[in-house]
Amino acid sequence: MSAAPGARGLAAGLVLAAALAAVTSPSHAQAPAPLAPAAAASAAGTDAPPSPTAAPRSPRDPLEPWNRSVFSFNEALDAAVLKPVATAYRDWVPEYLRGLVDNVFGNVADAWSAINHLLQGKVESGLQMGFRVVVNTGLGFGGLLDIGTEIGLDKQPEDFGQTLGRWGMPSGPYLVLPLLGPSTVRDTAALPVDMQASPSALVDDTRARVLAVTLLNVVNTRANLLGASRVLDDIALDKYSFLRDAYLARRQNQVHDGNPPEEPAEDDEPAPPPAAASEPAAR
């Protein structure tokens, strides 16, 4: 498994899931036993399929055993709590009201995007996003209506993780966060800054209202992803790997404004040297 900055991790990951028992599940431990038959076959000079546990991990995901455990936790929690709540919200709240909620949260996210455009030195797009916020706030009744899109001021989302990437900070290893879902070391470092611009952080009121805004943002974001998560459940053989690769590709594309540099495939390996010709036997 973007919406407003505070829900960015939730939206990118289709997240929130799982029973705590999955975190310590032994199914993710690497057992050395399966390696023994392969080693014996190799010693005997016979061919044998490689052991699954011997397969190299993705260099982008060195923490895969931990990440899969957290992913399982998030998935189970999503299935037990968030998805049913989001489904009820979608079914019982009229679509036009959900659209107004989307617009208000989106207007807050647009303001933070405008700042990040400017921090990245993209003055023209930053001013355009700023003007979009002004239009939607002024003519759209505080952001309830998306007038900016109607007049050609399209969304151009940016966050602080993209800003760090723009200035050369590497993404670091892939990381799955409890409750928040897919991330990287760089995006996790940027998350506290992004959260300062989330709708809940801008509510200067009682703790109950801050919590209400946060929950509404999370549930509304998850409701918008119900269709996507259903399709993902139907097509993905390994949901974890599918989401990981999609998230990393998407973030790379965002940081480089749709023109990411080419990267060598992970499974590209140098060709083995040609076998040396055998020497003729001495007479």
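Look a little higher up for the structure.
Description of the structure in this document. Throughout this document, residue positions are counted from 1 along each chain, in the order its sequence is written. Given that this is a predicted model, residues contribute local features only at a pLDDT of at least 70 and side-chain atom pairs are listed and counted only at 80 or more, while totals for whole chains, interfaces and linings are drawn from all residues. Side-chain numbers here rest on the full set of heavy atoms in the structure, without hydrogens or water.

The subject of this paragraph is the overall build of the protein. Only DSSP runs of H or I with at least four residues qualify as helices, and only runs of E with at least two residues qualify as strands; both kinds are numbered from the N terminus onward. Of the regular secondary structure elements, the protein holds 12 helices and two strands. Helices (α) and strands (β) of the protein occur, in sequence order from the N terminus, as α-α-α-α-α-α-α-α-β-β-α-α-α-α. Buried residues in the protein amount to 36% of all 283 residues. Note on areas: these come from Shrake-Rupley sampling with a 1.4 Å probe, and a residue is covered only by the protein chains present in the view. Here the protein has roughly 16,300 Å² of accessible surface; of this, 65% comes from carbon and sulfur atoms. Under the scheme applied here, a residue whose accessible area is under 20% of the maximum for its type counts as buried, over 50% as exposed, and between as partly exposed, the area being computed with a 1.4 Å probe on protein chains only.

Turning our eyes to something else, we now look at the pattern of salt bridges. Any carboxyl oxygen of Asp or Glu within 4 Å of a side-chain nitrogen of Lys or Arg constitutes a salt bridge here. If you walk through the whole model with that rule in mind, you get 19 salt bridges. In this structure, the salt-bridge partner of Asp-61 is Arg-244, at a minimum N-O distance of 3.1 Å. Taken as a pair, Asp-61 in the loop between helix H3 (35-44) and helix H4 (64-92) and Arg-244 in helix H12 (residues 239-255) lie far apart in primary sequence, 183 residues in all. Here Asp-61 falls in the buried class, since its relative accessible area comes to 0%. The salt bridge involving Arg-68 is made with Glu-64; its shortest N-O contact spans 2.8 Å. Of the two residues, Arg-68 and Glu-64 are both situated in helix H4; the distance of four residues between them amounts to about one turn of the helix.

Before going further, it helps to examine the environment of Glu-124. Tracing the chain through its elements places Glu-124 in helix H6 (residues 123-138). A relative accessible area of 69% places Glu-124 in the exposed class. Along the chain, Glu-124 and Ala-114 lie 10 residues apart, while their C-alpha atoms are 10.0 Å from each other.

Note that Arg-251 resides in helix H12. Counting of polar contacts relies on pairs of N or O atoms within 3.5 Å, with two restrictions inside protein: one atom must be capable of donating a hydrogen and the other of accepting it, and residues adjacent in sequence are counted only when both atoms are side-chain atoms. A polar contact is formed between the side chain of Arg-251 and the side chain of Asp-187, at a distance of 2.9 Å.

All right, on to the packing of H4 against helix H10 (residues 207-224) then. Axis definition: a line fitted to C-alpha atoms, limited for helices to the stretch in contact. Angles are taken between N-to-C directions and run from 0 to 180 degrees. Their axes nearest at 8 Å, the elements H4 and H10 cross at an angle of 85 degrees. Classified by the interaxial angle, the pair formed by H4 and H10 is roughly perpendicular. Two secondary-structure elements touch here, H4 through Asp-78, Leu-82, Lys-83, Val-85, Ala-86, Tyr-89 and Arg-90 and H10 through Leu-216, Val-218, Val-219, Asn-220, Arg-222 and Ala-223. All residues other than Ala, Val, Leu, Ile, Met, Phe, Trp, Tyr, Cys, Pro, Asp, Glu, Lys and Arg, Gly among them, are scored as polar; the first ten of these are nonpolar and the last four charged. Split by residue class, the contact of H4 with H10 holds eight nonpolar, one polar and four charged. In these notes the angle categories are as follows: under 35 degrees is roughly parallel, over 145 is roughly antiparallel, 65 to 115 is roughly perpendicular, and the rest is oblique. Contact between two residues is taken to exist if any of their heavy atoms lie within 4.5 Å; hydrogens are not considered.

For the pair H4 and H12, interaxial distance at closest approach is 11 Å and the crossing angle is 105 degrees. Here H4 is positioned roughly perpendicular relative to H12, judged by the angle of their axes. For the pair H4 and H12, the contacting residues are Glu-64, Asn-67, Arg-68, Phe-71 and Glu-75 in the first and Lys-239, Tyr-240, Ser-241, Leu-243 and Arg-244 in the second.

The subject of this paragraph is the packing of aromatic side chains. Stacked, tilted and edge-to-face pairs are distinguished by plane angle, under 30 degrees for stacked and over 60 for edge-to-face with tilted covering the rest, among Phe, Tyr and Trp rings (Trp via its six-membered ring) whose centres lie within 6.5 Å. Taken as a whole, this structure holds three aromatic pairs when the rule is applied. Note on Tyr-174 and Tyr-240: the rings are 6.2 Å apart at their centroids and 70 degrees apart in plane angle, and the pair reads as edge-to-face. Here the residue Tyr-174 occupies a position in strand S1 (residues 174-177), and Tyr-240 occupies one in helix H12, the gap between them amounting to 66 residues. With relative accessibility at 2%, the residue Tyr-174 sits in the buried group. A connected cluster of aromatic rings, assembled from ring pairs, spans Phe-71, Tyr-174, Tyr-240 and Tyr-247.

Looking now at the nonpolar core. One recurring pattern in soluble globular proteins is that nonpolar side chains are buried together. Val-70, Phe-71, Tyr-174, Val-176, Leu-232, Ala-236, Tyr-240, Leu-243, Tyr-247 and Leu-248 together form the largest nonpolar core, which totals 10 residues. Of all the secondary structure elements, the ones that give two or more residues to this core are H4, S1 and H12. Element by element, the count of residues in this core is highest for H12, at four residues. Here the nonpolar core consists of buried residues drawn from Ala, Val, Leu, Ile, Met, Phe, Trp, Tyr and Cys, with membership extended through side-chain atoms lying within 4.5 Å. If you look at the next biggest cluster of nonpolar residues, it comprises nine residues, including Leu-82, Phe-105, Val-219 and Ala-223.

Here S1 shows no split at all, with Tyr-174 and Val-176 on one side and Leu-175 and Leu-177 on the other all buried. Paired strands, as defined in this entry, are two strands with at least two bridges between them according to DSSP. Here S1 runs beside strand S2 (residues 181-184); their pairing, made up of four bridges, is antiparallel. The partner of Tyr-174 across the bridge, within S2, is Thr-184. Between S1 and S2, which follow one another and run antiparallel, lie three residues, and Leu-179 among them has a positive phi close to 70 degrees.

Before going further, it helps to spend a moment on the environment of Pro-260. The residue Pro-260 is located in the segment after H12 in this model. Expressed as a C-alpha distance, the spacing of Pro-260 and Ala-249, which sit 11 residues apart in the sequence, is 9.0 Å.

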